[in-house]
Structure formats: C-alpha cells, structure tokens
Amino acid sequence: MNILDLHKKTWDELSSRRDRLPHALLLSGQRGIGKFAVAKDFAASLLCENPDAQQRACGHCLACNWFAQGNHPDFRLLQPEAMTEISSGEEEGKKKASKEILIDQVRALDEFLGVGSHRGGLSIVLVNPAEAMNRNAANSILKILEEPPAGILFLLISDEQSRLLPTIRSRCQSILIGLPETPAAQAYLRASGIDDAERWLALSGGAPRLALELAEKNGSGQGSWLPTLLTHLKQGAQHDPLRAAGDIDKLLREQKGALSLRQIIDTLQKWLIDLTQAANSLPVRYFLANNGEISALAAKIPSTRLVRAYRKLATQRREAEQPVNGRLFLEGVFLDYRDLFSPRPGE
Ligand SMILES: [Zn+2]
C-alpha cells in the first residue's frame, strides 16, 4: 500500500487533466497528508515513456530511472535549502541553510525554461512548498506564469494557500487534496511498520505522512522530542516554564532543521484543543494516550482561559516562523501555559 492508494480521488482528477494540462497546478491541503508524494508521482507519470493503464509511471524506462535518481533533465525541484540539508546532513559550522525558496533558485530555472524539453515531452517544475518562496522569488515565478513558455508545467504545493500571492493563485488551476479516510490511513501506517497507528494518526490530525514522521521520530529515541514536551505539559501548575523552554530549545538546536519551533507550537495548540475538549466533557481528539491526564488538568482551568490561550497561540504561530530568539520565545509561551493553572481572584 502506498500513499497514492490513499489519494485515489486526487489521482483520478489529475489523470483526467493529462490531455489538457494548464501551465500551473496548485495542489493544496493540510500539512502531512502526502501532497508532495502525489505531485512527485504525477510528475514521474507525465515524464514516464511507458505509463501503465492507471496512468502511473512504469518505474522501469529510462525516464523513470532518471527520475528516481533525481536527474531527469526535464524536471526541477524548488524547495528551501534547509529541506534538502535535512536529508543530506548538515555540516558543522556551515552557514545556516535558508528556510525560504530564494530568487537565485528561480533565476537558475532560466536556462531550463529556455531550452525546451530534452525528451520531447513536458518540462516540469515542482515547488515545495509554494509559501516558502520569499517575496522576490514569488514575483519572479509570477512573471514566468504570466507568460509561460510552451510545454512547461508548474506543480505548486501548499499547506497554507492563503499565504500565496493572490496573483499567483489566480494563475493556477487549483486542486484541493482532502484528508484520506481514517481506516485507509491507519492501514497505510500499519503497512509502514507503525504499531500504534490509531494514536499517531489522531495526533497528526488524520495526516498520514505527518503521523509516520512523528511515530518514526518519537518511537525510537533518536530525534525524539514529543515525550520531553509532554513531560513538561503534563505538570500543569507545577510546570516549570524556564526549564521547559531550556529543554525544548536544546532539542531544537540539536535537531537543527529536522524539528521546528512551529512544530512545537502546533503540538501545543493540539494540547490546548484537547484540554478544551476535556473541559467541555468531550473526548480528546489528538492525544488519545493521555486522555486521563488531560481530563485531570482541564478540571483545574476555567474554560474561558483556554479559549484566550488558544487564540494567543494562534498569533504566536506566525511569529514562530520569523527568526526569533527561540529560547525567549519559548519562555513566553510556557509562562502563558503555566498561567492557565494559577488561581486568580474573581474567576
Ligand atoms: Zn517509466
């Protein structure tokens, strides 16, 4: 079972457009559902010289071999340098890799776009994720999309398409990729060797690739961060904000690009949602394994405070993407969290 089996509807929709492709397709949907895998497979199938009856890439032809090795001459992947470095391992003391897609990366497409296809088919540029383009890069892509050369397909992937330039969005045909069905997503996780599929899928809000990533990291010890965060959050009124900030900041440094401040904030948001659920006598949504602890904590917090705290965190989530002092930022976030439990007169 692979990720395409979970997105059959999207695949059919993409396949139905093969003969009348636009210059740009925007594939958007929740983070971690497998958009990148779908887009890559779609690109591979378009470049494949012998696709099968379902229009999937054959995996054997010359084009498929090139694609698998990452050097098909008619394919380019634009993504932040930091994402490439996670997989290749970052060297100590090197300049920090950018988390943005930069204009130089777009400029480097000039020749690619100018020469036309090597194999007589399409030339494909995959942008992952499109919201990672900084202002200049986005404007530069926009210029290309305004007068696209013939035979070019841009595949833009987006977790948050509201953050894209509206002028870019309007130049793309948009396909929204939904969450896969829960039983299928659980089966996918089990087939990938994840024991506690239900728990990890809930924690990732139903997004199977995110669930896989969380389970693989936090099940092993190597790169594990969730247990540390939960140990701090579970302490409630005894929670020590400065120690929590220190511990998480240390993990962020150790794991460099592999763990982000935003992931921490996302997880904290889910924890607050579950506290709010419990405060309203509803079952938790994300932390299935911590139902009891969450209920006990929720009983100590006035629910109006939870709503306020959630709103504030939603604002802070944006700040977490800017280069901030991570340690100070976390101290603020964790101080707010402990404040949820401190008694105040009149409440
Ligand atoms: Zn092939």
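Analysis parameters
- Residues numbered from 1 in each chain as written.
- Predicted model: local features only at pLDDT ≥ 70, side-chain atom pairs only at ≥ 80, totals over all residues.
- Heavy atoms only, no water.
- Donors = N, O, S within 2.8 Å, 3.2 Å for Na, K, Ca; no water.
- Buried < 20%, exposed > 50% of the residue type's maximum accessible area, 1.4 Å probe, protein only.
- Domains from an automatic or database assignment.
- Contact = heavy atoms within 4.5 Å.
- Buried area = accessible area lost by both parts, 1.4 Å probe.
- Salt bridge = Lys/Arg side-chain N within 4 Å of Asp/Glu carboxyl O.
- Polar contact = N/O pair within 3.5 Å; in protein donor to acceptor, adjacent residues only side chain to side chain.
- Nonpolar A, V, L, I, M, F, W, Y, C, P; charged D, E, K, R; others polar.
- Helix = DSSP H or I, 4+ residues; strand = E, 2+ residues; numbered from the N terminus.
- Expected span 1.5 Å × (residues − 1).
- Phe/Tyr/Trp six-rings, centres within 6.5 Å; stacked < 30°, edge-to-face > 60°.
- Lys NZ or Arg CZ within 6 Å of the ring centre and 35° of its normal.
- Pairing = 2+ DSSP bridges.
- Right-handed = clockwise from strand over helix to strand, strands pointing away.

**A short note on the coordination of the zinc ion**
- Around the zinc ion, the protein contributes the donor atoms Cys-48 (SG), Cys-58 (SG), Cys-61 (SG) and Cys-64 (SG), at 2.3 to 2.4 Å from the metal centre.
- Expressed as a motif, the donor residue spacing for the zinc ion is C-x9-C-x2-C-x2-C.
- With a relative accessible area of 7%, Cys-64 lands in the buried category.

**A few points about the domain arrangement of the protein chain**
- Segmentation of the protein chain into domains returns domain 1 (3-176) and domain 2 (221-339).
- Here the C-alpha centre of domain 2 lies 34 Å away from the C-alpha centre of domain 1.
- Taken residue by residue, the interface counts seven residues in domain 1 and nine residues in domain 2.
- Both sides of the domain 1 and domain 2 interface together cover about 650 Å² of buried area, and 36% of this is carbon and sulfur.
- Summed over the shared surface of domain 1 and domain 2, the number is two salt bridges.
- For Arg-317, the salt bridge identified is with Glu-160, shortest N-O distance 3.9 Å.
- Scanning the region where domain 1 abuts domain 2 turns up one residue pair in polar contact (both at pLDDT 80 or more).
- Taken together, the residues of the side of domain 1 that touches domain 2 break down into one nonpolar, no polar and six charged.

**Some thoughts on helix 18 (residues 326-339)**
- Look at helix 18: 20 Å from first C-alpha to last across 14 residues, which is about the 20 Å you get at 1.5 Å a residue.
- Listed in full, the buried residues belonging to helix 18 are Gly-326, Phe-329, Leu-330, Glu-331, Val-333, Phe-334 and Tyr-337.
- Where the residues of helix 18 are buried, they touch helix 13 (226-233), helix 14 (241-255), helix 15 (261-279), helix 16 (291-298) and helix 17 (303-319).
- Two or three places before Arg-327, at the start of helix 18, stands the capping residue Asn-325, its side-chain oxygen 3.1 Å from that residue's backbone nitrogen.

**Things to note about the packing of aromatic side chains**
- Summed over all chains, the structure comprises four aromatic pairs.
- For the ring pair Tyr-337 and Phe-341, a centre distance of 5.3 Å and an interplane angle of 75° mean the geometry is edge-to-face.
- Residue classification places Tyr-337 among the buried residues on the basis of a relative accessible area of 3%.
- In this arrangement the basic side chain of Arg-199 is found over the ring face of Trp-200, its NZ or CZ atom lying 4.3 Å from the centre.

**What to know about unusual backbone geometry**
- With an omega of -15°, the peptide bond running from Asn-128 to Pro-129 counts as cis.
- Positive phi, normally seen in glycine, also occurs at Ser-281, with a value near 55°.

**Looking at the pairing of strand 4 (residues 152-158)**
- For strand 4, a buried count of seven out of seven residues is recorded, marking the element as mostly surrounded by other parts of the structure.
- Of the two faces of strand 4, the one carrying Ile-152, Phe-154, Leu-156 and Ser-158 and the one carrying Leu-153, Leu-155 and Ile-157 are both buried.
- Here five bridges tie strand 1 (residues 24-28) to strand 4, and the two strands are oriented parallel to one another. The residue of strand 4 that forms the bridge with Ser-28 is Ser-158.
- The pairing of strand 3 (residues 123-127) with strand 4 spans five bridges and is parallel. Each bridged residue has a counterpart across the sheet, and for Val-127 the counterpart in strand 4 is Leu-156.
- Between the parallel elements strand 3 and strand 4, the chain passes through helix 8 (residues 135-146) in a crossover that is right-handed.

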